[in-house]
Structures are given as C-alpha cells and as structure tokens.
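# Descriptive structure summary
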Amino acid sequence: PGDVYKRRDLDTSLHKALERNEWVFYYQPKLDVRTHRMVGVEALMRWNHPRRGFVSPDLFITMAEETGQIRALTEWAVRQSIADQKTLAEAGHAVTMSVNISGRLRSDESFAAFALHEVEMSGADLCLEITETAVIDNPEIALGIIERFSAAGVAVSIDDYGSGLSSLSYLKMLNADELKIDRSLVVDALDSQRDRLILKSTVDLAHGLGMSVVAEGVETEELTTCLTLLGCDVIQ
C-alpha cells in the first residue's frame, strides 16, 4: 500500500511539475577522440521534486508515458534545449544538442511537426536520439518521420545500440547520422578480445553506412585509447 500511495502521489505531482518549474537539465559532454574537443552534449532531464528530491528518470519517464504526459515533457525538453544551446553559443560554446525522444512519440506525426517547427524557427543544431526498438515497433511511420527529420537537417542518432536484440535489417533502413554504442558493449573492451571484435565490427558497419560512432559510458583514459584504436569517433 505504501508503494501504491507513493506512486499515486508522484503521479499527481507530475501533473504540476511543469507549472512549478521543477524540471532541470544536466548536460553530459561528447568528446571528439581525435581533437579532444567537446563537439556536443546530451540533455539529461531530471525532476527535482520539492519534497522527495531527485526522482529517478526510469520512474518518472515510465509514469509520463503511462499517463500520457510524455508529450508535454518532451516538448519542454526540445524548447529548453534550444534555449540552453543559444545561451551556450553566446558564451562561446557552439555544440550540437542531443535530446532523447520517447518511443511513444517516435511514430507521432504531430510531434514530428512540432519538433521541426521549433528547429526551423530557432535555427537550432539538434540531434534527436531514438532507440532502434522504437522503430521496430512501428517501422513504416517511424522511418517516414526519420526521413522528415533528415530532410530538414535535423540529425538523428540511434541510441543504446547493443543493449537488446539489435537488428541489422532495420539498421540498414535507418537514415541516421550517428550510432551510439551502449555502455554494456563498451565497458569490457579492455578485458575481452571478443568484445573488442564485436565493437570493431559495429564501428566498421556504422562507418560503412555513413554514420559516426559514439561510445557511451567512457570514464578512463585507458578505455578512451582502446576505443580510439577501434575507430570510435566520439566518447560520452
């Protein structure tokens, strides 16, 4: 009963969180392995609840998707990332801003129109991150939306590649600019010849399809060197 009450309380709070300005972004840098320059950042949404403190993204994203509030949250994320990108540029830091798009919205034509309008009006340099599984769930509409983003100059990134049952048949159909290799495939690269072989093959495949490669969860110089030798373009 306590857990049910807690979840119901959070659900009620979620409705009011935007009005109360409780959402914040933390930006995780993306570094070019060759120049060692920051070339982009990923916007990570966090909910700073007035009584409970920071609520786990796994919890509030799931709640937002289940209650239909994910559209409002994602629209806020797009607008806020565009505003923050402008602020960074004015301070001398021109970087691409990556924003995660919920699987519930990747086949939403009206959301696609909203995102394209916001980018067009602002001239923002956005990269919209999607997961491959979201495309597999509704490929015809999702692939059409990705094509619209690409035609409008909005970069598309395939996020968390390798975290599930990745499909080569869908990968070749995605007109994406970037492939993000999930941390689960990256962390053992130093210790496992098999993992390095898989990473190298994935990097070569992505490059062959015209995508740059981002390795997620890189926290040491040793791992950075290893991933650079394997051909990764960017670490995060």
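Everything in this summary refers to the structure shown in the same document.

Calculation notes
Residues numbered from 1 in each chain as written. Predicted model: local features only at pLDDT ≥ 70, side-chain atom pairs only at ≥ 80, totals over all residues. Heavy atoms only, no water. Patch = residues over 30% accessible without salt bridge, like charges linked within 9 Å, V, L, I, M, F, W, Y side chains within 5 Å. Areas by Shrake-Rupley, 256 points an atom, 1.4 Å probe, with all protein chains shown as cover. Salt bridge = Lys/Arg side-chain N within 4 Å of Asp/Glu carboxyl O. Buried < 20%, exposed > 50% of the residue type's maximum accessible area, 1.4 Å probe, protein only. Helix = DSSP H or I, 4+ residues; strand = E, 2+ residues; numbered from the N terminus. 1 Å grid on protein atoms, 1.4 Å probe; cavity = no way out; pocket = protein on both sides within 12 Å on 5 of 7 lines; lining within 4 Å. Points joined across faces, edges and corners; volume = space filled by probe spheres on them. Nonpolar A, V, L, I, M, F, W, Y, C, P; charged D, E, K, R; others polar. Axes fitted to C-alpha atoms, helices over the stretch in contact; angles between N-to-C directions. Parallel < 35°, antiparallel > 145°, perpendicular 65-115°, else oblique. Contact = heavy atoms within 4.5 Å. Phe/Tyr/Trp six-rings, centres within 6.5 Å; stacked < 30°, edge-to-face > 60°.

Quick look at a nonpolar patch on the surface now. Residues Leu168, Leu205 and Leu209 make up a contiguous nonpolar surface patch of about 250 Å² in total accessible area. Given the relative accessible area of 32%, leucine 205 is considered partly exposed.

What follows is about the pattern of salt bridges. Applying the stated rule across the entire model yields ten salt bridges. In this structure, arginine 34 and aspartate 233 form a salt bridge, with 3.4 Å as the shortest nitrogen-oxygen distance. Placement of the pair is arginine 34 in the loop between strand 1 (23-32) and strand 2 (38-49) and aspartate 233 in the loop between helix 10 (221-229) and strand 9 (234-235), with a sequence separation of 199 residues. Connected through shared salt-bridge partners, Glu42, Glu129, Lys180 and Glu216 make up one network.

Turning to the layout of surface pockets, a few remarks are in order. Size it by volume and the largest pocket reaches roughly 790 Å³. Lining the largest pocket are 30 residues, and of these Glu42, Leu44, Ile61, Asn100 and Asp159 lie nearest its centre. Elements supplying a minimum of two residues to the lining of the largest pocket: strand 1, strand 2, helix 2 (57-67), helix 3 (70-90), strand 4 (96-100) and strand 6 (155-161). Counted by class, the lining of the largest pocket contains eleven nonpolar, nine polar and ten charged residues.

The phi dihedral of asparagine 21 falls on the positive side, at around 60°, and the residue is not glycine. Inspection of the secondary structure puts asparagine 21 in the loop between helix 1 (2-17) and strand 1. Notably, histidine 36 is not glycine yet its phi reads approximately 60°, a positive angle. Within the secondary structure, histidine 36 sits in the loop between strand 1 and strand 2.

This part takes up the packing of helix 4 (residues 109-122) against helix 6 (residues 139-151). Two elements in contact, helix 4 and helix 6, have axes whose closest approach is 11 Å; the angle formed by their N-to-C orientations is 10°. Considered as vectors, helix 4 and helix 6 are oriented roughly parallel to each other. Here helix 4 contributes Glu109, Ala112, Ala113, Ala115 and Leu116 to the contact with helix 6, which in turn contributes Ile141, Ile145, Arg148 and Phe149. Along the lines of polarity and charge, the residues of the contact of helix 4 with helix 6 split into seven nonpolar, no polar and two charged.

Another aspect to go through is the environment of aspartate 195. Note that aspartate 195 resides in helix 9 (residues 193-208). Taking the C-alpha atoms as reference, aspartate 195 lies 35 Å from valine 78; in sequence the two are 117 residues apart. In this structure, aspartate 195 is in contact with Asp188 and Ala189, ignoring residues within four places of it in sequence.

All chains considered together, the criterion is met by seven aromatic pairs. Here the aromatic rings of phenylalanine 25 and tyrosine 27 are separated by 5.6 Å at their centres, their planes lie at 55°, and the arrangement is tilted. Note on phenylalanine 25: relative accessible area 13%, which makes it buried. The interplanar angle of 85° and the centroid separation of 6.2 Å between the aromatic rings of tryptophan 47 and phenylalanine 60 together place this pair among those described as edge-to-face. Of this pair, tryptophan 47 sits in strand 2 while phenylalanine 60 sits in helix 2, and the two are 13 residues apart along the sequence. Aromatic rings pair up to connect Trp23, Trp47 and Phe60 into one cluster.

This brings us to the side chain of serine 13. Relative to the elements of secondary structure, serine 13 occurs in helix 1. Among the residues examined, serine 13 registers a relative accessible area of 8% and is labelled buried. Aside from chain neighbours lying at most four places away, what touches serine 13 is Trp47, His49 and Arg51.

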